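Reading the structure
Chain by chain, the residues run as shown.
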Amino acid sequence: HQRVLLSDSNMVATTKNCADAYRRYEIERSRGKRGHKWEAKRLAAMASSSLGAVRMSELNASHVAAWRDQRLREVQGGTVTREMNLLSHVFSVARREWRWIATSPTTDVARPRSNPPRDRRISKQEIERICLALNWRHDAVGVPPESKQQRIALAFLFAIETAMRAGEICALRKDDVTGAVARLHQTKN
């Protein structure tokens, strides 16, 4: 790849594009994180977007703003904000460590508003309908599940009772549960 020294800022311009930055970031930074799978998927999606083809030497805030506006037609504001935070970090690393850009193009781009947090609880009727759809009587006690759907229903009911996340429930092992106490090794809360 061609490199050209920029005389005014002592930075290096490159013919690399944003997709190159996303791939390098995924290899050098994301793989060591707990959220690697999510980040790798997001970076791959960004690499295949119109923003991925933009050369780093031509990248500016208008490219990021256009990408943001397109994403807002597809997903909610909170998702776009999380993705913009990831973009911001990629471009900060590209600026500080790789010297691919002189300034981060995300600095001057406004983040979208997030939707208000959810404030309702699932109703008893909704619980019953979900259990019925999964072929499980929600009031069955001591009855072992016979199908995958019934195991899903039990995990659903367990999540409601414990407020545990799906990943926390799936990570539980027999040794993690003693009586009515479950030990969580990794949790967001």
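Rules of the game
- Residues numbered from 1 in each chain as written.
- Predicted model: local features only at pLDDT ≥ 70, side-chain atom pairs only at ≥ 80, totals over all residues.
- Heavy atoms only, no water.
- Disulfide = S-S within 2.5 Å.
- Buried < 20%, exposed > 50% of the residue type's maximum accessible area, 1.4 Å probe, protein only.
- Core = buried A, V, L, I, M, F, W, Y, C linked by side-chain atoms within 4.5 Å.
- Helix = DSSP H or I, 4+ residues; strand = E, 2+ residues; numbered from the N terminus.
- Contact = heavy atoms within 4.5 Å.
- Lys, Arg positive; Asp, Glu negative; His and termini not counted.
- Salt bridge = Lys/Arg side-chain N within 4 Å of Asp/Glu carboxyl O.
- Arc of directions from axis to C-beta.
- pLDDT = per-residue confidence, 0-100.
- Phe/Tyr/Trp six-rings, centres within 6.5 Å; stacked < 30°, edge-to-face > 60°.

**Quick notes on the state of the cysteines**
As enumerated under the stated definition, the model contains zero disulfides in all. Here Cys131 stays free of any disulfide, with the sulfur of Cys170 as its closest cysteine sulfur at 17 Å. Judged by its relative accessible area of 0%, Cys131 is buried. Given the relative accessible area of 61%, Cys170 is considered exposed.

**A look at the nonpolar core**
With 27 residues, the main nonpolar core has Tyr22, Met56, Val90 and Phe91 as its most contacted residues. Only helix H1 (18-28), helix H2 (36-48), helix H3 (61-72) and helix H4 (77-96) provide two or more residues apiece to this core. No other element matches the eight residues that H4 contributes to this core. With near-sequence residues (within four places) excluded, Phe91 lies in contact with Cys18, Tyr22, Met56, Leu59, Val64, Ile101, Ser104, Pro105 and Thr106. Core analysis: the next-biggest nonpolar cluster, separate from the first, contains six residues, Ile127, Leu134, Trp136 and Leu157 among them.

**Some remarks on the side chain of Asp176**
Along the chain, the position of Asp176 falls in the loop between helix H7 (166-171) and strand E3 (177-178). Buried charge Asp176 goes without a salt bridge, the closest partner of opposite sign being Arg183 at 5.7 Å. Look past the residues within four positions of Asp176 in its chain and what remains in contact with it is Ala171, Val181, Ala182, Arg183 and His185.

**Digging into the pattern of salt bridges**
In a structure, side chains of opposite charge can pair up when their charged atoms sit close to one another. Applying the stated criterion across every chain yields a total of ten salt bridges. Close ionic contact of Arg24 with Glu28 constitutes a salt bridge, the shortest N to O distance being 2.7 Å. Taken together, the positions of Arg24 and Glu28, both in helix H1 and four residues apart, correspond to about one turn of that helix. For Glu74, the salt bridge identified is with Arg71, shortest N-O distance 2.7 Å. Within this structure, Arg42, Arg71, Glu74 and Glu83 form a network of salt bridges that share partners.

**Regarding helix H5 (residues 124-133)**
Among all positions of H5, only Glu126, Ile127 and Cys131 are buried. Looking straight down H5, one finds its buried side chains confined to an arc of 130°; they lie on one side. Turned more than 90 degrees away from the buried face of H5, the exposed residues are Arg129, Leu132 and Ala133. Lining the buried residues of H5 we find helix H6 (148-162).

**Here's the deal with the confidence of the model for the protein chain**
With 92% of its residues at a pLDDT of 70 or more, the protein chain has an overall mean of 88. Confidence over residues 1-11 falls short of pLDDT 50; this stretch has 21 contacts with residues more than four positions distant or in other chains.

**Things to note about the packing of aromatic side chains**
For the structure shown, the criterion picks out two aromatic pairs. Between Tyr22 and Phe91, the aromatic rings sit 6.3 Å apart at their centres with planes inclined by 45°, giving tilted as the arrangement. Placement of the pair is Tyr22 in helix H1 and Phe91 in helix H4, with a sequence separation of 69 residues. The two residues Tyr22 and Phe91 agree in class, both being buried. Summarising the aromatic geometry, the rings of Trp98 and Trp100 are spaced 5.0 Å apart at their centres and angled 50° between planes, so their arrangement reads as tilted. An identical accessibility class is assigned to Trp98 and Trp100; each is buried.

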